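Letter by letter, the chains look like this.
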2 protein chains.
Amino acid sequence: MPGEFALIDRYFARPTPSAALGPGDDCALLQPTPGMQLAVTTDMLVAGAHFLPDTDPKNLGWKTLAVNLSDLAAMGARPRWATLAGALPDADANWIAAFADGFFACADAYGVELIGGDTTRGPLNLCVTAFGEIAPGRALRRDGAQVDDQIWVSGRPGLAALGLAQLQGRVDLPALLPEPWPRLCLAALEKPQPRVALGQALVGVASAAIDVSDGLLADLGHIARRSGCAAAVRLTRLPHLPKGERYDAGLQKLARECQVAGGDDYELCFTAPCAQHNAIGEIAAGLELPLWCIGEMLAGPSGAVTVFDPDGQPVEFQHKGFEHFD
Amino acid sequence: MPGEFALIDRYFARPTPSAALGPGDDCALLQPTPGMQLAVTTDMLVAGAHFLPDTDPKNLGWKTLAVNLSDLAAMGARPRWATLAGALPDADANWIAAFADGFFACADAYGVELIGGDTTRGPLNLCVTAFGEIAPGRALRRDGAQVDDQIWVSGRPGLAALGLAQLQGRVDLPALLPEPWPRLCLAALEKPQPRVALGQALVGVASAAIDVSDGLLADLGHIARRSGCAAAVRLTRLPHLPKGERYDAGLQKLARECQVAGGDDYELCFTAPCAQHNAIGEIAAGLELPLWCIGEMLAGPSGAVTVFDPDGQPVEFQHKGFEHFD
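These notes cover the structure that comes with them. (Residues numbered from 1 in each chain as written. Chains lettered and ligands numbered in written order. Predicted model: local features only at pLDDT ≥ 70, side-chain atom pairs only at ≥ 80, totals over all residues. Heavy atoms only, no water.)

### Concerning the interface of chain A and chain B
Here comes step 1: Taken together, the contact between chain A and chain B spans 70 residues of the former and 70 residues of the latter.
Here comes step 2: When chain A packs against chain B, close to 5600 Å² is buried across both sides, 60% of that on carbon and sulfur atoms.
Here comes step 3: In this assembly, chain A and chain B are joined by 4 salt bridges.
Here comes step 4: Note that D25 of chain A is salt-bridged to R142 of chain B, the shortest N-O span being 3.7 Å.
Here comes step 5: Connecting chain A to chain B are 23 residue pairs in polar contact (both at pLDDT 80 or more).
Here comes step 6: The dominant element in the side of chain A that touches chain B, judged by the number of residues it contributes, is strand 2 (residues 37-46) of chain A, at 9 residues.
Here comes step 7: Tallied by class, residues from the side of chain A that touches chain B come to 37 nonpolar, 18 polar and 15 charged. (Contact = heavy atoms within 4.5 Å. Buried area = accessible area lost by both parts, 1.4 Å probe. Salt bridge = Lys/Arg side-chain N within 4 Å of Asp/Glu carboxyl O. Polar contact = N/O pair within 3.5 Å; in protein donor to acceptor, adjacent residues only side chain to side chain. Helix = DSSP H or I, 4+ residues; strand = E, 2+ residues; numbered from the N terminus. Nonpolar A, V, L, I, M, F, W, Y, C, P; charged D, E, K, R; others polar.)

Written out as structure tokens, the structure reads:
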């Protein structure tokens, strides 16, 4: 029966050529690139709160790292290193091997090295701290939006929340939508793609950015509050909703709620001066990633986010986003 | 009812003058001191495995950070920053306030700034990642011990394990030992003092170091294995055991087991060339911290740790240390 150290050695010890000292000592040692700032983020994932207990461990490994890389992306930072601490209810070698597979697939895809960690027994809990680099003064912060800046969002926020509704039995997507929609919704939930390249491309272009983890309107609200502005979102400029052959009012309502309030998509929401509109179009083309200009920042109550219909009337939504402990 | 963000703002947002950007954005931003390496460590504490569920939250806050600073101490690094991620079963404001009190008492004592974190609902779990700085090539690693180096340990390893035995009802310390022993045992368990000043003083003096978290012999074994040596510990040179007015064989046996195999003390175990013996004595005097020269490294089976009695006979112990998942 292998002990903790043997398990860790077996599945998580990979070469770390970019670290001065990798896993296995009291600390890892990093030599930051001279002159660069270090962007640091930490996210804890708990079974039941952030993922279903029976989630495929390979997808879970991917997502555990991806949600942290999404925070680096939202700052425009280049991902470099990560640590992983985990509490596991038991030392199931197959589960750990599959988790490690997914984790390192994501690490390799984004050029990240795992430099250290901690393993313990306990209710399933996964905590990553991720490190990226960015030149001083260049990070995309939440507090840089200006009145009249345009508001943008990448990809199709809401798909992950639709995927979750499917897994929870609240909707039958395959019966309502043609492929690839049902598949895309599950993929958005289970294997989110952190917008690392987009974040780096937006450095010097965007005025503020955040990743959509709590819900589009809630996260846009964070930008608005920190920037001391209000935000106006135009309903007709939001990304098209997934649609079947026949219009289904229930599905459309659910899809819209997921789009504005569903968490877990890890798209980027950002603001930029109007003068950058064409540059952003070129970034979208270069990355083959749709970028939607969905509204503009306004002078107004700090943090207020309003969705307007084509008649200029505010649209009310039941939920605005996900907040823990409410 | 305050939401997650209000709770965090209220208890955990403190000024972070040494960070380029503190909590509240997608990432914190750090500007490492030019030319220095970054030492990074992460530790996860789980109720039941690392602390008793009814632990005083103020002590728990201290210990959650202290065990990470101990890893920085074991590298000789200067503590700078930390992140804190926590899963809490509920948002009990009193508990969180007391935990924050203890956490920041430790942070202030060692010059650490909390630069970011994450809060979520779940079974109680606390995960800190801590960052220190050290000049390139100067870190105290586990793999630097040489044959004939002397082996040292600070303070009185074993007190924390005795304190735990007291809390678990396995021994009645106040009935067996005069004060301050019972109080010192509980303090060692509940409010460990990371040996940060010692670690920094040992840079350029010690050849290898580790903090005693799993047990003295087990942790010394890590140094021995990584350094490709064996280790000989002299029973009579171990720190004196706590003793009452009358000799109690049961207590002495328990105290010895705790000394060699008890975890959770966060003393430093280190090796150094004999030529550094006097320098280490001066460090002990300067820090008013006892440092015990308990043995020496040998050519021999890599990782083997043997305790010898005064007749040169090996002494066997039931437990050698704590390993998860065994």
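We are not done yet, so read on.
### Looking at helix 3 (residues 93-110) of chain A
Structurally, the α-helix is built with 3.6 residues per turn, so residues lying three or four positions apart point the same way.
Residues and elements named next belong to chain A.
Here comes step 1: Between its first and last C-alpha, helix 3 extends 26 Å over 18 residues, near the 26 Å set by a 1.5 Å rise per residue.
Here comes step 2: Residues I96, A98, F99, A100, G102, F103, F104, C106, A107 and Y110 constitute the buried set of helix 3.
Here comes step 3: Backbone geometry just downstream of helix 3 places G111 in the positive-phi region, at approximately 70 degrees. (Expected span 1.5 Å × (residues − 1). Buried < 20%, exposed > 50% of the residue type's maximum accessible area, 1.4 Å probe, protein only.)

### Considering the sheet that holds strand 1 (residues 28-30) of chain A
Here comes step 1: Spatially, the 5 strands line up as an open sheet ordered 1(A)-2(B)-5(B)-3(B)-4(B), and their pairing is mixed. In the strand order of this sheet, the two ends are held by strand 1 of chain A together with strand 4 (113-121) of chain B, each with one partner. Each strand axis lies, on average, 20 degrees off the axis of its neighbour in the sheet, ignoring direction.
Here comes step 2: Here 3 bridges tie strand 1 of chain A to strand 2 (residues 37-46) of chain B, and the two strands are oriented antiparallel to one another. Across the sheet, the residue bridging to L30 of chain A is L38 of chain B, located in strand 2 of chain B.
Here comes step 3: Strands strand 1 of chain A together with strand 2, strand 3 (78-88) and strand 5 (125-134) of chain B of the sheet are contacted by helix 2 (residues 57-75) of chain B, whose axis makes an angle of about 35 degrees with strand 5 of chain B.
Here comes step 4: Sitting on the sheet, helix 3 (residues 93-109) of chain B is in contact with strand 3, strand 4 and strand 5 of chain B, with an inclination near 165 degrees to strand 3 of chain B. (Pairing = 2+ DSSP bridges. Axes fitted to C-alpha atoms, helices over the stretch in contact; angles between N-to-C directions.)

### A look at the packing of aromatic side chains
Residues and elements named next belong to chain B.
Here comes step 1: Summed over the entire model, instances satisfying the criterion amount to 15 aromatic pairs over all chains.
Here comes step 2: For the pair F99 and F103, a centre-to-centre distance of 6.3 Å together with 25 degrees between the ring planes defines the contact as stacked. Of the two residues, F99 and F103 are both situated in helix 3; the distance of 4 residues between them amounts to about one turn of the helix.
Here comes step 3: Residue class for F99 comes out buried when judged on its relative accessible area of 2%. (Phe/Tyr/Trp six-rings, centres within 6.5 Å; stacked < 30°, edge-to-face > 60°.)

### Details of the pattern of salt bridges
All names here are of chain A.
Here comes step 1: For the coordinates displayed, the defined rule picks out 16 salt bridges over all chains.
Here comes step 2: Here R141 makes a salt bridge to D143, at a shortest N to O gap of 2.9 Å.
Here comes step 3: Residue classification places D143 among the partly exposed positions, given a relative accessible area of 31%.

### Observations concerning the relation of the copies chain A and chain B
The two chain copies are related to each other by a rotation about an axis together with a translation along it.
Here comes step 1: Mapping chain A onto chain B calls for a screw motion: a turn of 180 degrees about the axis and a shift of 0.0 Å along it, with 0.0 Å RMSD after fitting. Interpreted geometrically, this transformation is the action of a two-fold axis.
Here comes step 2: Residue by residue, 100% of the interface of chain A is reproduced at the interface of chain B, so both copies engage with the same surface. (Least-squares fit on C-alpha atoms with pLDDT ≥ 70 in both.)

### A closer look at the sheet that holds strand 4 (residues 113-121) of chain A
Here comes step 1: Pairing in this open sheet of 5 strands is mixed, and the strands run 4(A)-3(A)-5(A)-2(A)-1(B) from one edge to the other. The sheet terminates laterally at strand 4 of chain A together with strand 1 (28-30) of chain B, the two strands that pair on one side only. Looking at each pair of strands side by side, their axes are set apart by 20 degrees on average, direction ignored.
Here comes step 2: Pairing of strand 3 (residues 78-88) of chain A with strand 5 (residues 125-134) of chain A involves 9 bridges; the strand directions are antiparallel. Bridge pairing in strand 5 of chain A links P79 of chain A to G132 of chain A.
Here comes step 3: Of the strands in this sheet, strand 2, strand 3 and strand 5 of chain A together with strand 1 of chain B are in contact with helix 2 (residues 57-75) of chain A, which crosses strand 5 of chain A at around 35 degrees.

### Some points on the environment of N125 of chain A
Here comes step 1: As for its placement among the helices and strands, N125 of chain A is situated in strand 5.
Here comes step 2: Residue classification places N125 of chain A among the buried residues on the basis of a relative accessible area of 2%.
Here comes step 3: In the structure, N125 of chain A is positioned 36 residues away from P89 of chain A in sequence and 9.1 Å away in space, judged by C-alpha atoms.
Here comes step 4: Beyond its immediate stretch of four places on either side in the chain, N125 of chain A contacts M44, L45, V46, A85, G86 and A87 of chain A together with M44, A87 and N125 of chain B.

### Here's the deal with the environment of V67 of chain B
Residue and element names in this part refer to chain B.
Here comes step 1: As for its placement among the helices and strands, V67 is situated in helix 2.
Here comes step 2: Once the C-alpha coordinates of V67 and L241 are considered, the two residues, 174 residues apart in sequence, prove to be 24 Å apart.
Here comes step 3: The residues contacting V67, other than those within four sequence positions of it, are D43, L45, D211 and Y266.

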